[in-house]
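Structural characterization, general
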Amino acid sequence: MDFTRSGIQRYALNTGWLFAGRVSQILIGLGVTIVVARHLGPQQFGLLNFVMASTFLMGVAANFGMDGIARRVLVEQRDESDRISGTYFILATGFALLVYAAMAMATLLLTDDPTRIQLFLILGGVFVAAAFRIIDLWFNARVNAGPIAMATSMSVLGAGLVKLWMVYANAELPWFAAAILLEAILLILLRGIAYRRAGGSMGQWRFDPPLAGMFIKNGWLLMLSAVATNIYMKLDQVMLGVLIDDQTVGIYAAAVRLSSIWHFIPVILATSLFPAI
């Protein structure tokens, strides 16, 4: 840990960026969610949250526990960031496409509801786009969360404005799922811009088979841990949707979002201070 004055200021500034970004995202998201929930009603809002919770659990499995490993390796081997980033990106994209294909087939086999099928197919694209999260890890390893905090807040704001326009236009439920996917796409573009301005180049990323083997060998246990944790956090909404109905999920999801606002604090502290540990 760097206990010099400049080191403490650096980590304090980094933590401040993460807090400011997350608070702005929560405030924007909460305001937009209230409007969207009132527009859709409990049944449709519940269906949307049921599918979001289900695809979120699949996305955790698709990540294969690589975030923790990549974060550590990027801190330890900063000069090898292109090799690490390229290997992570290829593996994450491959795992995500496999999970997406399995999810699509399962959805088509288990339901004949066209709206539910559309929601799963659209929102599944969110965890496919998550392979670009390696850019976040790259910035975090350099204790420079500002660009990513700004990019994330801008994507949330942009998607929020689109959702509000959809409420005004009386759009149907699948369009709100498309707005969530649009947020992920906007975040990819803004991450890329921030990465390029910081001196990074995705064109220099390269795949390293031995490193990929290390990711896979060490990642599956972390994946099981992450899946177990997120099942604990999200399974309640999935169970309510399966055992009761979508309307119950909608009411419950709105309450959960309010009660879980403060969960981000320990996550931000761990993310900001990890390079110093």
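In what follows, the accompanying structure is described. Since this is a predicted model, take the numbers as computed values, not measurements.

Some words on unusual backbone geometry
One non-glycine residue, V143, lies in positive phi territory at about 50 degrees. What makes V143 buried here is its relative accessible area of 9%. You will see that N170, though not glycine, has its phi angle at about 60 degrees, which is positive. Counting through the fold element by element, N170 comes out in the loop between α6 (146–168) and α7 (173–197).

What about the environment of I84?
Tracing the chain through its elements places I84 in helix α3 (residues 81–110). Placed 54 residues apart in sequence, I84 and W138 show a C-alpha to C-alpha distance of 9.6 Å. In this structure I84 touches V73, L74, Q77, L211 and F215, once residues within four positions along its chain are discounted.

Notes on the packing of α6 against α7
Geometry of a packed helix pair, given as the angle between the helix axes and the separation of the axes. Direction vectors running N to C along α6 and α7 enclose 155 degrees, while the axes themselves pass 8 Å from each other. The orientation of α6 relative to α7 falls into the category roughly antiparallel. Crossing of α6 over α7 shows right-handed handedness.

Quick word on helix α4 (residues 114–129)
With 16 residues, α4 extends 24 Å from end C-alpha to end C-alpha; this agrees with the ideal 22 Å at 1.5 Å per step. Taken residue by residue, α4 has R116, I117, L119, F120, L123, G124, G125, F127 and A129 as its buried positions. Two to three positions downstream of the cap, the backbone nitrogen of T115 sits 3.1 Å from a side-chain oxygen, assigning the N-cap of α4 to D113.

Reading guide: rules and limits
Residues numbered from 1 in each chain as written. Predicted model: local features only at pLDDT ≥ 70, side-chain atom pairs only at ≥ 80, totals over all residues. Heavy atoms only, no water. Buried < 20%, exposed > 50% of the residue type's maximum accessible area, 1.4 Å probe, protein only. Helix = DSSP H or I, 4+ residues; strand = E, 2+ residues; numbered from the N terminus. Contact = heavy atoms within 4.5 Å. Axes fitted to C-alpha atoms, helices over the stretch in contact; angles between N-to-C directions. Parallel < 35°, antiparallel > 145°, perpendicular 65-115°, else oblique. Left-handed = near helix turned anticlockwise from the far one by under 90°. Expected span 1.5 Å × (residues − 1). Polar contact = N/O pair within 3.5 Å; in protein donor to acceptor, adjacent residues only side chain to side chain.

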